[in-house]
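So the chains spell out like this:
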Amino acid sequence: MEYNFKEIETKWQKHWDETSLYQAPDKADPKNKFYMLVMFAYPSGDIHMGHFRNYIIGDAIARQQMMLGKDVLHPFGWDAFGLPAERAAIQRDIHPSDWTEKNIKISRETLQKVGISFDWSREIASCFPDYYKWTQWMFIQLYKKGLAYRKRGFVNWCPEDKTVLANEQVKDGKCERCGTEVVKKDQNQWYFKITDYADRLVDDLDTLPEWPENVKTMQREWIGRSYGAEINFKIDGSDESIAIYTTRPDTIFGVTFMAIAPEAEILDSLNIEGDFKPKVEEYKKKAMTRSDIERSSATDEKDGVFTGKYAINPYNGEKVELWVADYVLAGYGTGVVMAVPAHDTRDFAFAKKYGIDIKVVIHPDKDTVLDSNEMDDAYTDYGVMVNSGQFNGLVGKKAIKAVIDFAEKEKFGCHKVNFKLKDWSISRQRYWGCPIPIVHCKDCGTVPIPEEKLPVELPKVKDFKPKGRSPLADVPEYINTLCPKCGGEAELDSDTMDTFVCSSWYFLRYIDSKNDSVPFMKEKVAQYMPVDLYVGGITHATGHLIYFRFFQKFLKDIGWVNDSEPAKRLFNHGMVCDSNGDVMSKSKGNVTSPIGLMEERGVDVSRLAMFFTAPSDKEVLWSSDSVTGVEKFTVNKLFPMHEKLRNSKPDLKCYFKRDNLDEFEYSLYIKLNQVIKQVSDSFERLQFNTAISGLMELVRDYDSDKITNDQFNDFLILKTFQMSAPLMPHLAEEVWKFAGFENSIFKSNWPVCDESAIVKDTVVIGVQINGKLRDEIEIPMDCNQKTAEAIAFKSEKVKSYTEGKDIVKIIFVKGRIFNIVVKG
RNA sequence: GCGAGAGUGGUGAAAUUGGUAUACACGCUAGAUUUAGGAUCUAGUGCCGCAAGGCGUGGGGGUUCAAGUCCCCCCUUUCGUACCA
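What counts, and at which threshold
- Residues numbered from 1 in each chain as written.
- Chains lettered and ligands numbered in written order.
- Predicted model: local features only at pLDDT ≥ 70, side-chain atom pairs only at ≥ 80, totals over all residues.
- Heavy atoms only, no water.
- Helix = DSSP H or I, 4+ residues; strand = E, 2+ residues; numbered from the N terminus.
- Buried < 20%, exposed > 50% of the residue type's maximum accessible area, 1.4 Å probe, protein only.
- Areas by Shrake-Rupley, 256 points an atom, 1.4 Å probe, with all protein chains shown as cover.
- Lys, Arg positive; Asp, Glu negative; His and termini not counted.
- Charge placed at Lys NZ, Arg CZ, Asp CG, Glu CD.
- Salt bridge = Lys/Arg side-chain N within 4 Å of Asp/Glu carboxyl O.
- Pairing = 2+ DSSP bridges.
- Contact = heavy atoms within 4.5 Å.
- Polar contact = N/O pair within 3.5 Å; in protein donor to acceptor, adjacent residues only side chain to side chain.
- Axes fitted to C-alpha atoms, helices over the stretch in contact; angles between N-to-C directions.
- Phe/Tyr/Trp six-rings, centres within 6.5 Å; stacked < 30°, edge-to-face > 60°.
- Expected span 1.5 Å × (residues − 1).
- Parallel < 35°, antiparallel > 145°, perpendicular 65-115°, else oblique.
- Nonpolar A, V, L, I, M, F, W, Y, C, P; charged D, E, K, R; others polar.
- Core = buried A, V, L, I, M, F, W, Y, C linked by side-chain atoms within 4.5 Å.
- pLDDT = per-residue confidence, 0-100.
- Left-handed = near helix turned anticlockwise from the far one by under 90°.
- Disulfide = S-S within 2.5 Å.

Next up on the list: the overall build of chain A. Helix and strand counts for chain A come out as 26 helices and 34 strands. Projecting the C-alpha coordinates of chain A onto the three principal axes gives extents of approximately 105 × 85 × 45 Å. Within chain A, the fraction of its 824 residues that count as buried is 54%. As displayed, chain A has an accessible area near 36,900 Å², and 48% of this comes from carbon and sulfur atoms. If the 110 positive side-chain charges of chain A are averaged to one point and the 124 negative ones to another, these points end up 1 Å apart.

Our focus in this paragraph is the pattern of salt bridges. All chains considered together, the criterion is met by 45 salt bridges. Note that arginine 122 is salt-bridged to aspartate 26, the shortest N-O span being 3.8 Å. Residue arginine 122 is located in the loop between α4 (96-114) and β4 (124-125), and its partner aspartate 26 is located in the loop between α1 (5-18) and β1 (33-38); the two are separated by 96 residues in the primary sequence. Judged by its relative accessible area of 6%, arginine 122 is buried. Between lysine 553 and aspartate 204 there is a salt bridge, and its shortest N-O distance comes to 2.5 Å. On the criterion of sequence distance, the pair formed by lysine 553 in helix α16 (residues 544-557) and aspartate 204 in the loop between α6 (198-203) and α7 (213-223) is long-range, its members being 349 residues apart. One continuous salt-bridge network, built from bridges that share partners, spans Asp26, Asp119, Arg122, Asp512 and Lys524.

As a further point, take the pairing of strand β31 (residues 762-769). For β31, the tally of buried residues reaches 6 of 8 residues, placing the bulk of the element in the interior. With 8 bridges connecting them, β31 and strand β32 (residues 772-780) associate as antiparallel partners. Looking at β32, one finds that valine 767 is bridged to aspartate 775. Connecting β31 to the antiparallel partner β32 that follows it, the hairpin turn spans 2 residues, and asparagine 770 within it adopts a positive phi of roughly 50°.

This brings us to the environment of glutamate 451. For glutamate 451, the position within the fold is in the loop between β23 (445-448) and α12 (476-479). For glutamate 451 and phenylalanine 5, which are 446 residues apart along the polypeptide, the C-alpha to C-alpha distance reads 52 Å. Filtering out sequence-adjacent residues up to four positions away, glutamate 451 remains in contact with Trp137, Ile140, Gln141 and Lys144. Of note is the side chain of glutamate 451, whose polar atom sits 2.7 Å from the side chain of lysine 144.

This part covers the sheet that holds β31. Pairing is mixed across the open sheet formed by 4 strands, whose spatial order is β32-β31-β34-β33. The strands lining the two open edges of the sheet, one partner per strand, are β32 and β33 (806-813). Going from strand to strand, the sheet's axes swing by 20° on average, the running direction of each strand aside. Sheet strands touched by helix α25 (residues 785-792): β32, β33 and β34 (817-823). Its angle to β32, the strand with the most contacts, is close to 120°.

Along the chain, phenylalanine 233 falls in strand β10 (residues 226-235). Residue phenylalanine 233 is classed as buried on the basis of its relative accessible area, which comes to 0%. As a C-alpha pair, phenylalanine 233 and aspartate 186 span 47 residues in sequence and 29 Å in three-dimensional space. Apart from the residues within four sequence positions on either side, phenylalanine 233 is in contact with Ser241, Ile242, Ile244, Ile252, Val255, Met258, Ala311, Ile312, Asn313, Pro314 and Val320.

With that settled, the discussion passes to the sheet that holds strand β20 (residues 427-428). If you trace the 3 strands from one edge of the open sheet to the other, you get β20-β26-β21, paired in antiparallel fashion. The sheet is open, and its two edges are formed by β20 and β21 (434-435), each paired on a single side. Bridging between β21 and strand β26 (residues 496-497) involves 2 bridges; their strand directions are antiparallel. Bridge pairing in β26 places proline 435 opposite threonine 496.

Now for the packing of aromatic side chains. Throughout the structure, instances matching the rule amount to 60 aromatic pairs. Ring centres 6.0 Å apart and planes at 75° place the aromatic pair phenylalanine 76 and tryptophan 120 in the edge-to-face group. Highlighted residues: phenylalanine 76 in the loop between β2 (71-73) and β3 (77-78) and tryptophan 120 in the loop between α4 and β4, separated in sequence by 44 residues. Grouping residues by exposure puts phenylalanine 76 and tryptophan 120 together as buried.

Here helix α21 (residues 688-701) spans 20 Å end to end across 14 residues, near enough to the 20 Å set by a 1.5 Å rise per residue. Listed in full, the buried residues belonging to α21 are Phe688, Asn689, Ala691, Ile692, Gly694, Leu695, Leu698 and Val699. Where α21 is buried, its residues contact α2 (49-67), α18 (603-613), α19 (627-638), α20 (663-684) and α22 (710-724).

Moving on, we get to unusual backbone geometry. Cis geometry marks the peptide bond from leucine 454 to proline 455; its omega dihedral reads 5°. One can find proline 455 in the loop between β23 and α12. The omega angle of the peptide bond from methionine 529 to proline 530 is 0°, so this bond is cis rather than trans. The topology assignment puts proline 530 in the loop between α15 (522-528) and β27 (533-536). A positive phi angle, close to 55°, is found at asparagine 271, a residue other than glycine. Here asparagine 271 is to be found in the loop between β12 (257-260) and α8 (276-289).

Here we come to helix α23 (residues 729-738). The periodicity of an α-helix, 3.6 residues per turn, causes residues three or four places apart in sequence to face the same way. Across the 10 residues of α23, 8 count as buried, placing the element largely inside the fold. Of all the residues in α23, the buried ones are Pro729, His730, Leu731, Ala732, Glu733, Glu734, Val735 and Trp736. In the core, the buried residues of α23 are packed alongside α1, α2, α4, α18, α19 and α22. In the segment just after α23, glycine 740 is the residue with positive phi, at about 105°.

Our next topic: the packing of helix α3 (residues 83-92) against α4. Look at α3 against α4: their axes get within 8 Å of each other, and the N-to-C directions meet at 105°. As judged from the angle between their axes, α3 and α4 are roughly perpendicular. Across the interface between the two elements, Pro84, Ala85, Glu86, Ala88, Ala89 and Arg92 of α3 pack against Pro96, Trp99 and Thr100 of α4. Classifying every residue of the contact of α3 with α4 by side-chain character gives 6 nonpolar, 1 polar and 2 charged.

What follows deals with the nonpolar core. Membership of the largest hydrophobic core comes to 191 residues, with the highest contact counts inside it found for Phe139 and Trp424. Among the elements that take part in this core, α2 stands out by supplying 10 residues, more than any other. Residues in contact with tryptophan 424, not counting those within four places in the same chain, are Ala166, Trp190, Tyr191, Phe192, Ile194, Asp498, Phe500, Val501, Ser504, Tyr547, Phe550 and Phe551. Within the second largest apolar cluster, 57 residues are counted, among which are Val324, Ala325, Val340 and Phe412.

So, about the confidence of the model for chain A. Overall, the prediction assigns chain A a mean pLDDT of 90, with 99% of residues at 70 or greater. Confidence estimates for the predicted assembly give a pTM of 0.93 and an ipTM of 0.93.

Okay, the packing of α18 against α19 next. Two numbers describe how α18 lies on α19: the axes approach to 9 Å, and their chain directions differ by 125°. It follows from the interaxial angle that α18 and α19 lie oblique. Relative to α19, the crossing made by α18 is right-handed. Contacts between α18 and α19 involve Val605, Leu608, Ala609 and Phe612 on the former and, on the latter, Val627, Val630, Glu631, Phe633 and Thr634. When the residues that make up the contact of α18 with α19 are grouped by side-chain class, the tally is 7 nonpolar, 1 polar and 1 charged.

Moving on to the state of the cysteines. One pass over the structure, following the stated rule, counts 0 disulfides. Cysteine cysteine 127 is unpaired, with the sulfur of cysteine 502 as its nearest cysteine sulfur at 9.1 Å. No disulfide involves cysteine 444; its sulfur sits 3.7 Å from the nearest other cysteine sulfur, which is in cysteine 486. When its relative accessible area of 26% is taken as the criterion, cysteine 444 is described as partly exposed.

Here it is as structure tokens:
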């Protein structure tokens, strides 16, 4: 039989589809299930090498888990709302929904050609009403719990895309999608109160040992929890006070000024007078027109203006100047900073520029004294408190606690935890997204659409070009409605949701994707959740992967799911780059499609080439050179092995005993079991490259002519194809059928290593003299040092190195090394 | 700046706990076969050296009988973050 991959591949794809091989059981055993999840795709066109790599990783694991007898759920769907659909639609004058559906169709067909074991019966697309109905339902549940709220404030605005962006969508002060510099805009927006979950989002990272450490670190830093104090300073000549947040209360006696963010509301209540007023106003205006990228640069020279007002330090009664400075962020803490030039780099630079006092209140230790006149930078480490009244001599954390405790006792401050994480802004002034199910009524305010009236359907309008306000605002038949509460005239919210909302709960919908009355049945979700392995790119570390954990926690709180965390194990595959090392992306125009390769060399060989090139977590510079070796292996070595089958119908569950095999056969049996162990382990670590090298060695060592035991011959061949099956499913299935099996190879049992075979009787170990390898000896596996010595010293080489020298020491590690330490 | 990874032949890469560095491939060299081949097979292939031998996992130190693996300093590079008080 010739290796006709085209025939083999189309035949089995059709057969698997017809027999619903990948359909996950509706009733699964929660103790014996495996939920294999890959990040669903944005249908931006056809799939490329990056997708290809992502999905074959998940596919190999899903197939192996099937063979391990698990109830496997391996679904797929489409993250189908979003900006690119609109952009492409405008360029091509075609409706986003038509464009999206067309792309879904093409992408789905390609994925089917790749032979991915997706359960297509559960397919979802976030832009279809039967899905986004439940996205709206999610919104309403959050709203009911006070976790979805509307607020006016400064938001990130992309002038190119003409929409609001979440913090997670701004990179280096630029729009993540189009690279345009983001500006600030005052706007009414919906937010999800993710900050209520900030503590749990940080703490529960410790319950995820199978998540990569770098992702957990990135999330911790993004959430940015810090412990400190909030302290109130009285404003001089007024009853009002001004609150600051600090993590360094031990430096509070060194405060010589305060810096207020230009946007901070407290500025308005200061009653700035005289000459100061226009100067402050002018500075505020200037700060607002500067872009975030300018303002947030750490190298930017700090500037500000004095307000003419003072505050009183509650610890020592000193008057400190109040300044406005745009290095202070309005959105963090209270938007006001107590400035301690001696112990903060930024405050130091500012004080130097404006000639403000620098007062040392921390010494590095008892014997080192700082002099503010000689300092050329701030001393920012912990140390001993000095010039700090009753607190003098206290150090570090103890000092901090004492200072805050005093504030609490005197009722002008308290312990405080702060986060960098901000509430999630989810309104988008765009057409192609999930409509926000809220009505604005003059009398009742914001009123949610009753759940039984969902979905609020997105109307199919012709004009969806961005104008700076939502295109839906210009569709009166959509906007004008009646208030569900009072029945009076009202308006629907004209914004749509950030697509990250759609992707925050899709993994739950797969489990019960057709359900019309609830988002999913709790009982069904309990059977398959949590996700056992989630495979996707690192790019989602601080976006999607925080949002979907947030949703899971919220749904647990309202009783819809049982687990606090959605995914037990996370795996980030490496990027696929072109031969220059640039990441393949549509915008760069350097994407390679796997289709050409698959048509030329076959799907199985293409998959094998990608697996073999590098371990799954490493970046890959794709070139078709990678294919040569695995193609030779497949076509010339592995596939022809099936011709050596002797139709002996071996029992695949049995182990062979040494007595039943001759010497060559037994050595091959040992190799087989070593490879079974190696391949199983490689799958566990998702390092398929080493699994393949193991298979290559096994096939190389196999020699039909030297095998007389027919059952062993067939046993070895069949085990080889079983191990190859998750990597090259079509070829393996073909051989399985050829060998006479009725059921799919994926219904057979994954090979189990015969441990007794890989315990060897003798072992070849290295003999070192002073740590340098000089010879090798073969010794019994569990021999003692004496025996090993006897054998080692027979070696001529060992003799030549030890003669006439003192043997200081002999180190013998069983099965590993024999080392002689000599002197002289 | 800060944080986390990474650095091994000409190339992609192996080396579960410190224990024979370079498995498995690509490429290259030589030979065989073929009308011919970018096909196939065989042998060789870390570096220096005729050899014995020496040197070798970014560089420099250290711990150890033994270091790619552990510790310290430095260099290069990728990713994340960017005035978070």
